[in-house]
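Each chain, letter by letter, is given below.
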Amino acid sequence: MSSLEDIFSDGGALSAALDGYAPRSQQLELAQAVEAAIQSRRTLVAEAGTGTGKTLAYLVPAVLSGQRVVVSTGTKNLQDQLFHKDIPLLRKALHKPFKALC
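A.B. asks: Help me understand the layout of surface pockets in this model?
C.D. replies: To find leftover empty space, one rolls a probe the size of a water molecule over the atoms. By volume, the largest pocket amounts to about 720 Å³. Along its surface, the largest pocket is lined by 22 residues, and Val 69, Ile 87, Lys 99, Ala 100 and Leu 101 are the ones closest to its centre. For the lining of the largest pocket, the secondary structure elements donating two or more residues are α4 (54–65) and α5 (76–94). Ranked by residue count, the leading element in the lining of the largest pocket is α5, at five residues. Counted by class, the lining of the largest pocket contains 15 nonpolar, four polar and three charged residues. For the second largest pocket, the calculated volume is near 470 Å³. Along the wall of the second largest pocket there are 18 residues; nearest its centre are Val 34, Leu 44, Val 45, Ala 46 and Tyr 58. Breaking the lining of the second largest pocket down by element, the ones donating at least two residues are α3 (25–40) and α4.

Criteria and cut-off values
- Residues numbered from 1 in each chain as written.
- Predicted model: local features only at pLDDT ≥ 70, side-chain atom pairs only at ≥ 80, totals over all residues.
- Heavy atoms only, no water.
- 1 Å grid on protein atoms, 1.4 Å probe; cavity = no way out; pocket = protein on both sides within 12 Å on 5 of 7 lines; lining within 4 Å.
- Points joined across faces, edges and corners; volume = space filled by probe spheres on them.
- Helix = DSSP H or I, 4+ residues; strand = E, 2+ residues; numbered from the N terminus.
- Nonpolar A, V, L, I, M, F, W, Y, C, P; charged D, E, K, R; others polar.

Here's what the structure looks like:
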């Protein structure tokens, strides 16, 4: 599987699957922090501004880890976005089978 740098780069997996995708350094940094927390089994509390692409920044390393991950949302709208938009996008972009339940 590609590295986070490759996935989040211009011309990477997300760029190929998402029209208008533009790399954001803050998104990659958040994804790397999430990946490190998953690998070291640490808790991570992170905050990022609007437009960072937070959902993909935490979902990509979660999917790549192959581990069971629980994502808790604060709103039904975000839950719907994850389940109906972001997760299908990642299935297309990453070519990695994974299960997601709502």
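Additional details are given in the paragraphs that follow.
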